[in-house]
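As a plain string of letters, each chain reads:
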Amino acid sequence: MKATWGVAASATLHCLTGCAIGEVLGMVIATALGWHDLPSIALAVVLAFIFGYALTLRGLFRAGLKWRAALRLALAADTLSILVMEIVDNGIMLVIPGAMDAGLTSLLFWGALAVSLLVAFLVTWPINKWIIGRGKGHAVIHAYHH
């Protein structure tokens, strides 16, 4: 698999989709429940990993893989990408003053979350290009997408 910027962008967008679903859902639940920063971030990160892996697993199951093989490939393909994305986006949420304490109806909350996910994409994109170039990350599942 050739590690082009387009391939890396596609892999990063795939990762961002799962991370964003989990991140948004986790932050919405935690904010609605009035949770503080640490449990909010913990829930968002757990859900980001779950949804990130679930999107990859869905494609691998469609390709006919059994549970164990699909899970191993999903872990190999997505773990580093999701980890980097989660560190970046949650770090940004923490450094934007008031973002973690803003309510669900606040432009600050949604704006900070959007910015954090955009920056996470931009940071993770070259990392994914490097990983794919080494035959790792989404390179290990590319054959199952066709």
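Residues numbered from 1 in each chain as written. Predicted model: local features only at pLDDT ≥ 70, side-chain atom pairs only at ≥ 80, totals over all residues. Heavy atoms only, no water.

## A closer look at the overall build of the chain
A count of helices and strands for the chain gives 4 helices and 0 strands. Walking the chain from its N terminus toward its C terminus, one meets helices and strands in the order α-α-α-α. By the compact-globule yardstick of 15 Å for 146 residues, the chain fits well, its C-alpha radius of gyration being 16 Å. Along the first, second and third principal axes, the C-alpha set of the chain runs to 45 × 30 × 20 Å. Relative to its 146 residues, the chain shows a buried fraction of 42%. A separation of at least 24 residues holds for 72% of the contacts in the chain among residues at least 6 apart in sequence. With an accessible surface of roughly 7,600 Å², the chain has 71% of that area assigned to carbon and sulfur atoms. (Helix = DSSP H or I, 4+ residues; strand = E, 2+ residues; numbered from the N terminus. Rg over C-alpha atoms; globule rule 2.2 N^0.38 Å. Buried < 20%, exposed > 50% of the residue type's maximum accessible area, 1.4 Å probe, protein only. Contact = heavy atoms within 4.5 Å. Areas by Shrake-Rupley, 256 points an atom, 1.4 Å probe, with all protein chains shown as cover.)

## Looking at the side chain of glutamate 23
Mapped onto the secondary structure, glutamate 23 falls in helix 1 (residues 5–32). In this structure, glutamate 23 is buried with no salt-bridge partner, the nearest side chain bearing the opposite charge being arginine 58 at 19 Å. Discounting chain neighbours no more than four positions away, the residues touching glutamate 23 are Ala44, Ala48, Glu86, Asp89, Asn90, Leu113 and Leu117. (Lys, Arg positive; Asp, Glu negative; His and termini not counted. Salt bridge = Lys/Arg side-chain N within 4 Å of Asp/Glu carboxyl O.)

## Notes on a nonpolar patch on the surface
Among the surface-exposed residues, Leu25, Ile29, Leu33 and Trp35 lie close enough to one another that they form a single nonpolar patch of about 350 Å² accessible area. Relative to the elements of secondary structure, leucine 25 occurs in helix 1. (Patch = residues over 30% accessible without salt bridge, like charges linked within 9 Å, V, L, I, M, F, W, Y side chains within 5 Å.)

## Some points on the packing of aromatic side chains
The final tally for this structure, using the stated rule, is 5 aromatic pairs. Centre to centre, the rings of phenylalanine 49 and tyrosine 53 are 5.8 Å apart; their planes meet at 50°, and the pair counts as tilted. Residue phenylalanine 49 and its partner tyrosine 53 are both found in helix 2 (residues 37–62); the two are separated by 4 residues, about one turn of the helix. Judged by relative accessible area, phenylalanine 49 falls into the buried class, the value being 17%. The rings of Trp5, Phe121 and Trp125 are connected pair by pair, giving a single aromatic cluster. The cationic tip of lysine 129 hangs over the ring face of tryptophan 5; the distance from NZ or CZ to the ring centre is 5.1 Å. (Phe/Tyr/Trp six-rings, centres within 6.5 Å; stacked < 30°, edge-to-face > 60°. Lys NZ or Arg CZ within 6 Å of the ring centre and 35° of its normal.)

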